[in-house]
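# What the coordinates show
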Amino acid sequence: MVLSKRLKTCLSALLPPAFWLGVWQLCAFLVERWVEGRGNELLLPSPATVARSLAVLALSPAFWQTVAATLGRIVVGMAVGTLAGVLLAVFTWRFVWADRLFSPVIRVIRATPVASFILLLLLWISRNLVPGVISGLMVLPVVWENLTRGLGETDGQLLELARAYRFSPWKRVHLVYLPSLRPYFLSAVTTSMGLAWKSGVAAEVLCLPRPGMGTQIYNSKLYLEIPDLFAWTAVVVALSLLLERLLRRLLARQTRR
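Residues numbered from 1 in each chain as written. Predicted model: local features only at pLDDT ≥ 70, side-chain atom pairs only at ≥ 80, totals over all residues. Heavy atoms only, no water.

## A short note on helix H6 (residues 130-152)
Along its 23 residues, H6 runs 34 Å from first to last C-alpha, staying within 8% of the 33 Å computed at 1.5 Å per residue. Counting buried residues in H6 gives 18 out of 23 residues, a clear majority hidden from the surface. (Helix = DSSP H or I, 4+ residues; strand = E, 2+ residues; numbered from the N terminus. Expected span 1.5 Å × (residues − 1). Buried < 20%, exposed > 50% of the residue type's maximum accessible area, 1.4 Å probe, protein only.)

Take a look at the structure:
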């Protein structure tokens, strides 16, 4: 019975990627027939070709240095953007003048195209810093908006009870505000992480830091190394999914405590 459940779980997990890999292989086969030769690798390489390119890349120490560099930039940018969003949410919720001063700026950041920010930042700071700053800017408005909403929807009866029992400020934060804000924070971080990752890699494609995954994607396109382009894109997608899953598990574990 247990084996049957495990088999069903494995099949349900493997069938979707197997189906889409089959679709990809079929499309690559049709493209190859259409162009009549190996020229199809310039249009749509097969999954096997991309897998070989990925294996060759993974054997190089430079590949792991590039992945680590991009990962470090984006994670640091996310952390700084999250911290800034938390502080601004508390500040704008606590003081009316701060809300009037900072809220329009944060909304402008949220509405401005990422490409505009990337090009502007290239004029002001080092190109190696641009991806991290862009990632932080993508995270900040999401965290700020969610936490501001959560602070405004904190149970008034619990706050009244805390005042009646003369809770200290720290005890009020720990027992009232943190449990109330936890789902809002979880939603904000998991939502903004994908935005930060995609925008950070896009910033690397435009500003070309060394080393950087976005730089490798640009070079692959420039030199028509299409299998490498697909391979680097697959690494970006895989890392994004992996980071999202790890973050969800970490925050869920913290929530259960």
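Moving on, there is more to tell.
## A few points about a nonpolar patch on the surface
A contiguous nonpolar patch, built from Trp34, Val35, Leu42, Leu43 and Leu224 and spanning about 550 Å² of accessible area, is present on the exposed surface. Mapped onto the fold, Trp34 is located in helix H1 (residues 2-35). Trp34 sits in the exposed class, given a relative accessible area of 66%. (Patch = residues over 30% accessible without salt bridge, like charges linked within 9 Å, V, L, I, M, F, W, Y side chains within 5 Å. Areas by Shrake-Rupley, 256 points an atom, 1.4 Å probe, with all protein chains shown as cover. Salt bridge = Lys/Arg side-chain N within 4 Å of Asp/Glu carboxyl O.)

## Quick word on unusual backbone geometry
Here the bond from Arg210 into Pro211 is cis, since omega is -10°, no more than 30 degrees from zero. Residue position: Pro211 is located in the loop between helix H8 (169-207) and helix H9 (213-222). The phi torsion at Leu208 lies on the positive side, around 55°, for a residue other than glycine. Tracing the backbone shows Leu208 in the loop between H8 and H9. Judged by relative accessible area, which is 24%, Leu208 ranks as partly exposed. The backbone phi angle of Leu224 is positive, close to 60°, even though this residue is not glycine. Tracing the sequence through the fold places Leu224 in the loop between H9 and helix H10 (226-256).

## Notes on the pattern of salt bridges
Taken as a whole and assessed by the stated rule, the structure comprises 3 salt bridges. Measuring nitrogen to oxygen at the nearest pair gives 2.5 Å for the salt bridge that ties Arg110 to Glu145. Of this pair, Arg110 sits in helix H4 (residues 96-111) while Glu145 sits in helix H6, and the two are 35 residues apart along the sequence. What makes Arg110 partly exposed here is its relative accessible area of 42%. Glu145 is paired through a salt bridge with Arg149; the nearest N and O atoms lie 3.6 Å apart. Of this pair, Glu145 and Arg149 both sit in helix H6, 4 residues apart, roughly one helical turn. With a relative accessible area of 38%, Arg149 lands in the partly exposed category.

## What to know about the nonpolar core
If you look at the biggest cluster of nonpolar residues, it comprises 34 residues, and the most contacted ones within it are Val67, Met213 and Trp232. Residue assignment for this core shows that the elements contributing at least two residues are helix H2 (47-58), helix H3 (61-94), H6, H8, H9 and H10. With near-sequence residues (within four places) excluded, Val67 lies in contact with Met213, Trp232, Val235 and Leu239. Ile109, Ile118, Ala203 and Cys207 belong to the second-largest nonpolar core, a separate cluster that totals 10 residues. (Core = buried A, V, L, I, M, F, W, Y, C linked by side-chain atoms within 4.5 Å. Contact = heavy atoms within 4.5 Å.)

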